[in-house]
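Summary of structural features
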Amino acid sequence: MEYYNYIKSLHLIFVITWFAGLFYIVRLFVYQIEANGKPSPEKEILQKQYKIMTYRLWYIITWPSAVLAIIFAFWLLILMPVWLQQPWMHVKLGFVVLLIAYQIKCHLIFKELQNDIVNYSSNFMRLWNEGATIILFAVVFLVILKNAFNWIYGVIGIVLFSVLIMLGFKFYKKIRAKNKS
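Only a predicted model underlies this, so the values are computations on that prediction, with no experimental measurement involved. (Residues numbered from 1 in each chain as written. Predicted model: local features only at pLDDT ≥ 70, side-chain atom pairs only at ≥ 80, totals over all residues. Heavy atoms only, no water.)

Some words on the packing of aromatic side chains
Within a pair of aromatic rings, the relevant descriptors are the distance that separates the centres and the angle that separates the planes. Overall, the coordinates contain 15 aromatic pairs when judged by the stated rule. A centroid spacing of 6.5 Å and a plane angle of 40 degrees characterise the contact between tryptophan 18 and phenylalanine 19, whose relative ring orientation is tilted. Judged on exposure class, the residue tryptophan 18 and its partner phenylalanine 19 are both buried. Aromatic rings pair up to connect Tyr55, Trp58, Tyr59, Trp63 and Phe110 into one cluster. (Phe/Tyr/Trp six-rings, centres within 6.5 Å; stacked < 30°, edge-to-face > 60°. Buried < 20%, exposed > 50% of the residue type's maximum accessible area, 1.4 Å probe, protein only.)

Structure representation (structure tokens):
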């Protein structure tokens, strides 16, 4: 198991690039949706550029990173099957399932925007972007603490963190509205 730390390092690298891709893709969705409200020819120029940027980010960075992170995760579990008996790993895997669902939903939004279908507001996308942040916080604390938390404190912590994010979003929305006036 001399190569265990190499596999773990590669897993971590691809988890980081996966999250980077998820954070940035939703930010690009915000810009792409806002470009939809611009007058011509600015609208068409921006939409064309954002489509290229999102396509490259999605298929060159985000999806490959997700696949490689998952492959290295399975490899780690094969090397350390005892982890599957630990409650913190069960909770972590639950969050990984949520992250995969989040990515699939982002993929559906990506495909809609590539076809000029806008079903969400830029404000919704700003909130949507926080989903990956919440999952990241939960997974990092689980992995570092190796504890499924005392469920009461864990749930309260994530709820409070989510409330703080929502308050921050509302504050940011007010500032944006004030600056537009």
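There's more to say after this.
Here we look at the pattern of salt bridges
Under the definition given, this model contains two salt bridges. Here arginine 126 makes a salt bridge to glutamate 34, at a shortest N to O gap of 2.8 Å. Remark: glutamate 34 occurs in helix α1 (residues 4–35) and arginine 126 occurs in helix α4 (residues 122–145); sequence separation between them is 92 residues. Classification of glutamate 34 as partly exposed rests on a relative accessible area of 26%. One salt bridge in this structure joins aspartate 116 and lysine 51, with 2.7 Å as the shortest N-O distance. You can see aspartate 116 sitting in the loop between α3 (87–114) and α4 and its partner lysine 51 sitting in helix α2 (residues 42–79), a full 65 residues away along the chain. (Salt bridge = Lys/Arg side-chain N within 4 Å of Asp/Glu carboxyl O. Helix = DSSP H or I, 4+ residues; strand = E, 2+ residues; numbered from the N terminus.)

Regarding α4
Each full turn of the α-helix corresponds to 3.6 residues, which orients residues three or four apart in the same direction. Between the first and last C-alpha of α4 there are 36 Å, a value that for 24 residues agrees with the 34 Å anticipated at 1.5 Å per step. Directly beyond the C-terminal end of α4, a positive phi value near 50 degrees is found at lysine 146. (Expected span 1.5 Å × (residues − 1).)

Regarding the packing of α1 against α4
The contact between α1 and α4 brings their axes to 8 Å, and the two run at 175 degrees. By the criterion of interaxial angle, the relationship of α1 to α4 is roughly antiparallel. On the side of α1, the interface is formed by Phe19, Leu22, Phe23, Val26, Arg27, Phe29, Val30, Ile33 and Glu34, while α4 contributes Ser122, Met125, Arg126, Trp128, Asn129, Ala132, Thr133, Ile135 and Leu136. Residue classes in the contact of α1 with α4 are distributed as twelve nonpolar, three polar and three charged. (Axes fitted to C-alpha atoms, helices over the stretch in contact; angles between N-to-C directions. Parallel < 35°, antiparallel > 145°, perpendicular 65-115°, else oblique. Contact = heavy atoms within 4.5 Å. Nonpolar A, V, L, I, M, F, W, Y, C, P; charged D, E, K, R; others polar.)

Structural notes on the environment of phenylalanine 137
Its location among the elements puts phenylalanine 137 in helix α4. The exposure class assigned to phenylalanine 137 is partly exposed, which follows from its relative accessible area of 38%. Taking the C-alpha atoms as reference points, phenylalanine 137 and phenylalanine 161, 24 residues apart in sequence, are found 9.3 Å from one another.

Observations concerning the nonpolar core
Counting residues in each nonpolar core, the largest one holds 39 residues, and the members touching the most others are Val26, Phe29, Trp83, Phe95 and Met125. Elements with a minimum of two residues in this core: α1, α2, α3 and α4. No other element matches α1, which puts 13 residues into this core. Those residues in contact with phenylalanine 29, other than ones at most four positions away along the chain, are Thr54, Cys106, Ile109, Phe110, Leu113 and Met125. (Core = buried A, V, L, I, M, F, W, Y, C linked by side-chain atoms within 4.5 Å.)

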